[in-house]
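Listed below, chain by chain, are the residues.
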Amino acid sequence: MKRIGVLTSGGDAPGMNAAVRAVVRKAIYHDLEVYGVYQGYQGLISGNIHKMEVGSVGDIIHRGGTILRSARCPEFQTPEGQEKGLKQLKAHGIEGLVVIGGDGSYRGAKALTELGYPCVGVPGTIDNDIPGTEFTIGFDTALNTIIDAIDKIRDTASSHERTFIIEVMGRDAGDLALWAGLAGGAETILIPEDPLDMESIKDRLLKGLERGKKHSIIIVAEGVMSGNEFAEKVKQMTGIDTRVSVLGHMQRGGSPTAADRMLASRLGAKAVELLLKGKGGRAVGIERNELVDYDIIEALAIPHKLDLNISRLAKELSI
Ligand code: ADP
């Protein structure tokens, strides 16, 4: 292999830049040429592809977002779109591609793999919902952003003796809500994987009030329902007035934490190692702090699993 490409796709995540940097530097270190594909699969189809040098990725390790930019590209979900992308890769002499992104981006890499093209998926999403890895790039940073918000909201919640509902991202996965809820000391956490019925939520809130607890923090994963919807339900069942805070896109931004920079650097380099060995069709990840790689098609067939022990612990510690 002489020339590889790298793209970022789907929802951006802090640490994507550190992963791009690792791919580019590791490739050049091993005398490979490396091309950046801009705007995800959209840029792949339109040929927005440019050579990258050591300096192209200077000064980005600490920056959120992605210098390669990202896009949603429905056309790449069609066989015609995929053929166009493949044609561009061939026209540029790119022999292997590193795809940094979430679940949808992995499906794009899977499509290229099925067409016989060597691709390696690197998990970049704040949602932590990619199979074949315990952690995704961006999760730790988003988690810290949410914790920061919870701490601040807690100050006002206790001053005004109010119950706050904080809606967090995560798509269908509850990892962000659960980890943030546990680390932020939330009284109640609603996640899709371990649903709480409204009766037990009501009991918790009322019991808290009985023993003099004047304020509480409830975390709702967007995959369960919106914070406003939940506030309505709480009002109907308990008469308690709550305040809702929807954290939104701020969860995607910011300078990546040291943990995310480390993860991105290790996984980006690992992806290049695999391509150097002629191993395409893989998805890289981390398990028990060891780098691992799986067949990307098999990995995508495994549903994401949240650690229910953490959910149990959160319940035990928020009595
Ligand atoms: P994420 O990668 O963060 O999950 P998306 O789900 O929006 O974000 O996916 C990003 C892009 O991946 C889509 O815009 C599309 O171009 C591509 N993609 C998603 N699903 C498929 C699929 N089944 N086949 C081919 N490409 C796909």
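Residues numbered from 1 in each chain as written. Predicted model: local features only at pLDDT ≥ 70, side-chain atom pairs only at ≥ 80, totals over all residues. Heavy atoms only, no water.

A closer look at the UniProt feature "binding site: Mg(2+)" (unreviewed entry) in the protein chain
Part 1: Taking the UniProt record as the reference, the feature "binding site: Mg(2+)" (unreviewed entry) is found at Asp103.
Part 2: In this structure, Asp103 is in contact with Ile130, Arg171 and Leu300, ignoring residues within four places of it in sequence. (UniProt positions renumbered as here; feature names shortened; annotations may be inferred. Contact = heavy atoms within 4.5 Å.)

Quick notes on the packing of aromatic side chains
Part 1: Scanning all chains against the criterion turns up four aromatic pairs.
Part 2: With 4.2 Å between their ring centres and 5° between their planes, Tyr41 and Phe76 make a pair best called stacked. Of this pair, Tyr41 sits in helix α2 (residues 40–46) while Phe76 sits in the loop between β3 (49–52) and α3 (79–91), and the two are 35 residues apart along the sequence. For the pair formed by Tyr41 and Phe76, the shared burial category is buried. (Phe/Tyr/Trp six-rings, centres within 6.5 Å; stacked < 30°, edge-to-face > 60°. Helix = DSSP H or I, 4+ residues; strand = E, 2+ residues; numbered from the N terminus. Buried < 20%, exposed > 50% of the residue type's maximum accessible area, 1.4 Å probe, protein only.)

Brief notes about the sheet that holds strand β6 (residues 163–168)
By way of backbone hydrogen bonds, the strands of a sheet pair with one another, either parallel or antiparallel.
Part 1: Strand order in the open sheet made by the four strands is β7-β8-β6-β9, with parallel pairing throughout. Here the strands that pair on one side only, and so sit at the sheet edges, are β7 (188–190) and β9 (242–246). Strand-to-strand twist across the sheet, computed as the mean angle between neighbouring axes with direction ignored, equals 20°.
Part 2: Bridging between β7 and strand β8 (residues 216–221) involves three bridges; their strand directions are parallel. Its bridge partner being in β8, Leu190 is matched across the sheet by Val220.
Part 3: Each of β6, β7, β8 and β9 touches helix α8 (residues 227–238); the most contacted strand, β9, lies at about 170° to it. (Pairing = 2+ DSSP bridges. Axes fitted to C-alpha atoms, helices over the stretch in contact; angles between N-to-C directions.)

Comments concerning the sheet that holds β3
Part 1: Ordered in space as β3-β2-β1-β4-β5-β10-β11, the seven strands form an open sheet in which the pairing is mixed. Of all the strands in the sheet, just β3 and β11 (290–295) have a single pairing partner and so form its edges. Looking at each pair of strands side by side, their axes are set apart by 30° on average, direction ignored.
Part 2: The pairing of strand β10 (residues 282–287) with β11 spans six bridges and is antiparallel. Paired with Gly285 across the strands is Val292, a residue of β11.

Overview of the environment of Leu276
Part 1: Examined against the element boundaries, Leu276 turns out to sit in helix α9 (residues 258–276).
Part 2: In this structure Leu276 comes out as partly exposed when scored by relative accessible area, which is 34%.
Part 3: Remark: the alpha-carbon pair of Leu276 and Leu182, spanning 94 residues in sequence, is separated by 41 Å.

Here's the deal with the packing of helix α1 (residues 16–29) against α9
Part 1: In contact at an axis separation of 7 Å, α1 and α9 are set at 40° when each is read in the N-to-C sense. One way to sum up the angle between α1 and α9 is to call them oblique. Here α1 and α9 pass one another in a crossing that is right-handed. Where α1 abuts α9, its residues Ala18, Ala19, Ala22, Val23, Lys26 and Ala27 lie against Arg261, Ala264, Ser265, Gly268, Ala269, Val272 and Glu273.
Part 2: Each residue belonging to the contact of α1 with α9 can be placed in one class, and the counts come to eight nonpolar, two polar and three charged. (Parallel < 35°, antiparallel > 145°, perpendicular 65-115°, else oblique. Left-handed = near helix turned anticlockwise from the far one by under 90°. Nonpolar A, V, L, I, M, F, W, Y, C, P; charged D, E, K, R; others polar.)

A look at the environment of Ser70
Part 1: In this structure, Ser70 sits in the loop between β3 and α3.
Part 2: Ser70 sits in the partly exposed class, given a relative accessible area of 27%.
Part 3: Between the alpha carbons of Ser70 and Ile310 there is a distance of 33 Å; along the sequence they are 240 residues apart.
Part 4: Not counting chain neighbours up to four residues away, the residues in contact with Ser70 comprise Thr8, Ser9, Gly10, Gln39 and Gly40.
Part 5: A distance of 2.5 Å separates a polar side-chain atom of Ser70 from the backbone oxygen of Gly10. (Polar contact = N/O pair within 3.5 Å; in protein donor to acceptor, adjacent residues only side chain to side chain.)

A short note on the site of the ligand
Part 1: If you check the shell around the ligand, you find 16 residues, and the closest are Arg72, Cys73, Gly104, Ser105 and Arg171.
Part 2: The separation between an oxygen atom of the ligand and a polar main-chain atom of Gly104 is 2.8 Å.
Part 3: Coverage of the ligand by the protein amounts to 84% of the 550 Å² it exposes when considered alone.
Part 4: Per element, the largest residue contribution to the shell around the ligand is five residues, and it comes from helix α4 (residues 103–114).
Part 5: Here the residues of the shell around the ligand sort into three nonpolar, nine polar and four charged. (Near = heavy atom within 4 Å. Areas by Shrake-Rupley, 256 points an atom, 1.4 Å probe, with all protein chains shown as cover.)

A word on the pattern of salt bridges
Part 1: Scanning all chains against the criterion turns up 15 salt bridges.
Part 2: One salt bridge connects Lys51 with Glu53, and the closest N-O pair in it is separated by 3.6 Å.
Part 3: Classification of Glu53 by relative accessible area gives partly exposed; the value is 44%.
Part 4: Of the charged contacts, one joins Lys84 and Glu75 as a salt bridge, the two residues approaching to 2.6 Å between their closest N and O atoms.
Part 5: Judged by its relative accessible area of 41%, Lys84 falls in the partly exposed class. (Salt bridge = Lys/Arg side-chain N within 4 Å of Asp/Glu carboxyl O.)

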